[in-house]
Amino acid sequence: MTSQPEKRSPMPRRAVLGTALGGAAAAALPGTAHAEEPLRTGPSALDGPEAGGASRPWRLRDTMTTDGAWARFLRGQDLLWSRLPTRWYEGPFLGDGLLGSMVYQDPGAHRIRFTVQHGRVQDHRPEFGSGWGTCRLPVGHLTLDPVGDIVSVDWRLSLWNAELTGTVTTTAGELTLSALIHDEVLAVRVTAEGDERVVWTFHPEEAISPRKISEAPPTGYTANPPWITRSTTDGTEQVLQPLTGGGQTATAYRRTGDDLLLSIGHSHPSDTAAEADSLRNLRRATSYGPLRRRHTRWWHAFYRKSFVSFPDQRLQSFHWIQLYKVASASRAGGPVMATCGPWLEPTPWPAVWWNLNVQLEYWLIHGSNHLELDALATTLRQNQEQLIANVPAAYRSDSSGVGRSSDMFANRSVGRPGTGAETGDLTWALHNAWLSYRHSMDQALLRDTIYPVLRRAITYYLHFLTPGSDGRLHLPSTLSPEYPVVPPQDTNYDLALIRWGCRTLIESAELIGRDDELVPRWQEVLARLTPYPVDDNGFMIGADTPYAQSHRHYSHLLMVYPLYLVNWDQPENRDLITKSVAHWHALTGAHRGYSYTGAASIHAMTGDGDTAITYLQKFFDTGTSYPCQANTHYTEAGPVIETPLSASQSLHDMFCQSWGGVIRVFPAVPSDWADVTLHNFRTQGAFLVSAVRAAGETRFIRIRSLAGEPLKLRHGLDGALTVLLDDGTPARTHDLGDGTLAIDLSRGREVLVHSGSRPDLVIAPVAVSEPGAAWGLP
């Protein structure tokens, strides 16, 4: 270690992910949703055995550099089926961010259903609200109809190839199948043996809201017209679904030999473009083999962007399945995930939910180094005019917002503070976009999306803040999401978002060089905003409204997680955090899966990995009311996708955190997990972190800077440290205390940190110490 580094000019903050999030390329939806290769953000060659040549003084030896190594590792995480799944939350699932299919027994029949749904297929009648008028609409399903009765199945969902393969044994013989989805085409290849035959049937579904399972249509609602079927000269069948509100959905499918190809198009306002789109997709696909080659090339490049391994087999598999799932459900430039992702089923929630679901869906893309999946940030950028139209007309000159649920275009009005309305959801969604900025340092994303939209979202709040007799600024009644009592004023959910928003705007104005006239107002709000309401049990819901009944949501704790405004680095707040979380979980009855994942992440912030994993395991405990399901999906009153994805973020929070400008490596690893490997884990400041923990101790940390941001590292190492740059020279460092080291690391450079003699710098899977069954129905 050396003394404090010399002063130097700050590196310019450069847009390292402009094409993924903020740049012009992201505006072209087909180009971003279906790029043949995922965006490359770290030169993987630097981690290979040839990295730096013979002259390089140190380098990582990455054992995960070959297709064979990845195929072997991910094969151990695959989902397996030895019996036929009978429900959507038991079966295999395929997707490409737009088209999705789930595979299970056709209800009440001896045949296999392949659902075919699409993230862009929705109604276009906003006068009937998001539940009916702009909801996701069902398309249909295929059935594979065997001659004999199904006796057994032997299926594998390969994560490495994103492909379902296996056999179906019947009383008449055997069917061998493989299936995948790529570039909006479902491709299935099936061969028959014995007396079996391959018989496919497409079943269109009524274009009506899946919400019909829970309520009748609203007054004045008229059904969409019936579908139309027709054949083309090349043997392609089409089902055309016109829509009362304008637009069309078109499903095209063609069988050639053993191959069946199906594609869905959707257009609005055009009544014909979907028809042409679906046919074009099929022509481009040609057959199973060429499509599979493009498909596997995309997925193999996708997985190589980061690596994590830890000794709990079932949780490790779960984590890799979530990465497969989120890439199957979302791509930057495509539709933001609705509650079901692209796998629409009967549900009360056939829309995008903005008061928790959409935020939780996208957290894991940051640490896993997959910002190319961020459809949330691109949705906010592309629909800024709609966000303005969502607020009451009197406020549209300077404000924006979004209501609790909407379509993929964020079309949903937001209520006024003072009426008990839920008003903070856009600001919370912008926190996700801010995380994408912080993990990429993409200034275009900050300048063109976050700053202008957040400025308007916070201005909407400012219209309603009023001084009280105490001289503090107070907010009239607003709803803390899902708590059944509306505080008369000062809802903690909104106070936390106002504080985060004003701080972020002040910082952002400086970053983009904007001399904003509202900076003094934001500073005043931070100085005068009323404190968070608290009582003897910790954070309240709002003023005069204690947390007094079980609540699945942690909306009243947003300042703790994920905003980290109140955090464990503030000793004066530790008791408040502890008793708030304890009281939240002490009142049982309403808790759901994300109640446990949220508590796990909060305890990970405190450094208590053993308590964190205890809460996380509740999500997998079949004795709880709503546990994780057999295929890692999740359901309450209907299917919802966010909770399993948030469970992967809880694992991230145990392995590496970067809030508050400090990278914390292995901050809350459970004591039973002696060995953990991280490679190219992306953190705030646009750093890629690789680290190995063995026998309960951190052996080394390698950090690569992608943007030249200041680096502060809480390393968890004991003893004298060695801190070397990639040319072998000692890095300039400064000990900040509390196990935190400031390291001078410029853009494009790497640093190695370890204690004692130099360890083996090997990136490899760790041995399993907690065996577990495969996911699926093995």
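Predicted, not measured: the structure shown is a model, and the values here were computed from it. (Residues numbered from 1 in each chain as written. Predicted model: local features only at pLDDT ≥ 70, side-chain atom pairs only at ≥ 80, totals over all residues. Heavy atoms only, no water.)

A.B. asks: Summarise the overall build of the protein chain; cite the residues concerned and give the values.
C.D. replies: Helix and strand counts for the protein chain come out as 19 helices and 36 strands. For the protein chain, the C-alpha radius of gyration of 26 Å lies close to 28 Å, the compact-globule estimate for 778 residues. Overall, the protein chain is about 80 × 65 × 50 Å in size when its C-alpha atoms are taken along their principal axes. Counting only contacts in the protein chain whose residues sit at least 6 apart along the sequence, the fraction spanning at least 24 positions is 67%. Of the roughly 26400 Å² that the protein chain leaves accessible, carbon and sulfur atoms contribute 49%. Mean positive and mean negative side-chain charge positions of the protein chain (69 and 80 charges, respectively) differ by 4 Å. (Helix = DSSP H or I, 4+ residues; strand = E, 2+ residues; numbered from the N terminus. Rg over C-alpha atoms; globule rule 2.2 N^0.38 Å. Contact = heavy atoms within 4.5 Å. Areas by Shrake-Rupley, 256 points an atom, 1.4 Å probe, with all protein chains shown as cover. Lys, Arg positive; Asp, Glu negative; His and termini not counted. Charge placed at Lys NZ, Arg CZ, Asp CG, Glu CD.)

A.B. asks: Can you break down the packing of aromatic side chains residue by residue, with the values?
C.D. replies: Considering all chains together, one arrives at 42 aromatic pairs under this definition. Taking the centre distance of 5.4 Å and the plane angle of 70° together, the rings of Trp 299 and Phe 302 count as edge-to-face. Remark: Phe 302 and Trp 299 occur in helix α6 (residues 288-303); sequence separation between them is three residues, near one turn of the helix. Each member of the pair Trp 299 and Phe 302 is classed as buried. (Phe/Tyr/Trp six-rings, centres within 6.5 Å; stacked < 30°, edge-to-face > 60°. Buried < 20%, exposed > 50% of the residue type's maximum accessible area, 1.4 Å probe, protein only.)

A.B. asks: An account of the sheet that holds strand β30 (residues 711-714) is requested, with residue identities and associated values reported.
C.D. replies: As summarised here, the arrangement of the five strands in space is β25-β26-β30-β33-β32, forming an open sheet in which the pairing is mixed. Every interior strand has two partners, whereas the edge strands, β25 (656-657) and β32 (733-737), have only one. (Pairing = 2+ DSSP bridges.)

A.B. asks: Lay out the layout of surface pockets in plain terms, naming residues and giving numbers.
C.D. replies: Taken as a whole, the largest pocket holds about 1000 Å³ of empty space. The set of elements that each furnish at least two residues to the lining of the largest pocket consists of α9 (364-367), α12 (425-440), α14 (492-511), α19 (642-655), β25, β26 (663-665), β27 (676-683) and β30. A class-by-class count of the residues in the lining of the largest pocket yields 20 nonpolar, 14 polar and 11 charged. (1 Å grid on protein atoms, 1.4 Å probe; cavity = no way out; pocket = protein on both sides within 12 Å on 5 of 7 lines; lining within 4 Å. Points joined across faces, edges and corners; volume = space filled by probe spheres on them. Nonpolar A, V, L, I, M, F, W, Y, C, P; charged D, E, K, R; others polar.)

A.B. asks: Which residues make up the sheet that holds strand β4 (residues 99-105), and what values do they have?
C.D. replies: The antiparallel open sheet is built from five strands, whose spatial order is β3-β4-β5-β6-β11. Of all the strands in the sheet, just β3 (93-95) and β11 (200-204) have a single pairing partner and so form its edges. The sheet shows a mean angle of 20° between the axes of neighbouring strands, taken without regard to direction. Two strands pair when backbone bridges link them, and β3 and β4 are joined in this way by three bridges, in the antiparallel orientation. (Axes fitted to C-alpha atoms, helices over the stretch in contact; angles between N-to-C directions.)

A.B. asks: Can you tell me about the packing of α6 against helix α7 (residues 313-329), naming the residues and giving the values?
C.D. replies: The geometry of α6 relative to α7 is characterised by a closest axis approach of 12 Å and an angle of 130° between their N-to-C directions. With respect to their mutual orientation, α6 and α7 come out oblique. Here the hand of the crossing between α6 and α7 comes out right-handed. Residues Trp 298, Trp 299, Phe 302 and Tyr 303 of α6 touch α7, and the partners they reach there are Trp 320, Leu 323, Tyr 324, Ala 327 and Ser 328. For the contact of α6 with α7, the per-class residue count stands at eight nonpolar, one polar and no charged. (Parallel < 35°, antiparallel > 145°, perpendicular 65-115°, else oblique. Left-handed = near helix turned anticlockwise from the far one by under 90°.)

A.B. asks: With reference to specific residues and values, describe helix α10 (residues 375-382).
C.D. replies: Along α10, seven of the eight residues are buried, which leaves the element largely enclosed by surrounding structure. Buried within α10 we find Ala 375, Leu 376, Ala 377, Thr 378, Thr 379, Leu 380 and Arg 381. The N-terminus of α10 is capped by Asp 374, whose side-chain oxygen sits 3.2 Å from the backbone nitrogen of Leu 376. (Polar contact = N/O pair within 3.5 Å; in protein donor to acceptor, adjacent residues only side chain to side chain.)

A.B. asks: Which residues make up the pairing of β32, and what values go with them?
C.D. replies: Direction of pairing for β32 relative to strand β33 (residues 740-743): antiparallel, over a ladder of four bridges. Pairing of Thr 733 across the sheet is with Ile 743, part of β33.

A.B. asks: Account for the pattern of salt bridges, with residues named and values stated.
C.D. replies: Across all of its chains, the model carries 28 salt bridges by this definition. Residue Glu 524 pairs with Arg 528 through a salt bridge whose shortest N-O separation is 2.8 Å. Taken as a pair, Glu 524 and Arg 528 lie in helix α15 (residues 519-528) at a separation of four residues, close to a single helical turn. What you see here is one network of salt bridges that share partners, running through Asp 569, Arg 664, Arg 714 and Asp 738. (Salt bridge = Lys/Arg side-chain N within 4 Å of Asp/Glu carboxyl O.)

A.B. asks: Account for the side chain of Ser 330, naming residues and giving values.
C.D. replies: With respect to the helices, strands and loops of the structure, Ser 330 is situated in the loop between α7 and β17 (352-353). Classification of Ser 330 as buried rests on a relative accessible area of 0%. A distance of 2.8 Å separates the side chain of Ser 330 from the side chain of Tyr 362, its partner in a polar contact. In contact with Ser 330, other than residues within four places in its own chain, are Gly 97, Met 337, Tyr 362, Leu 373 and Ala 375.

A.B. asks: Which residues make up the pairing of β4, and what values do they have?
C.D. replies: With respect to burial, β4 is a largely interior element, seven of its seven residues being buried. Hairpin geometry of β3 and β4 is characterised by an intervening segment of three residues between the two adjacent antiparallel strands and by a positive phi of about 90° at Gly 97. Summarising the sheet, β4 and strand β5 (residues 112-118) pair through five bridges and their orientation is antiparallel. Residue Gly 100 lies in a different strand from β5, and its bridge partner there is Gln 117. Taking the residues between adjacent antiparallel strands as the criterion, β4 and β5 are bridged by six residues, where Gly 108 takes a positive phi near 75°.

A.B. asks: Explain the environment of Glu 510 to me, using residue names and the numbers behind them.
C.D. replies: With respect to the helices and strands, Glu 510 occurs in helix α14. Residue Glu 510 is classed as exposed on the basis of its relative accessible area of 67%.

A.B. asks: Which residues make up unusual backbone geometry, and what are the values?
C.D. replies: Cis peptide bonds are those with omega within 30 degrees of zero, and the linkage from His 268 to Pro 269 qualifies with 10°. Within the secondary structure, Pro 269 is located in the loop between β15 (259-267) and α5 (273-285). Of the consecutive residues Tyr 561 and Pro 562, the connecting peptide bond is found in the cis state with omega at 10°. Locating Pro 562 in the fold gives a position in the loop between β22 (538-539) and α16 (574-586). At Tyr 564, a residue that is not glycine, the phi angle is positive and equals roughly 60°. Locating Tyr 564 in the fold gives a position in the loop between β22 and α16. You will see that Ala 695, though not glycine, has its phi angle at about 50°, which is positive. Secondary-structure assignment places Ala 695 in the loop between β28 (687-694) and β29 (697-705).

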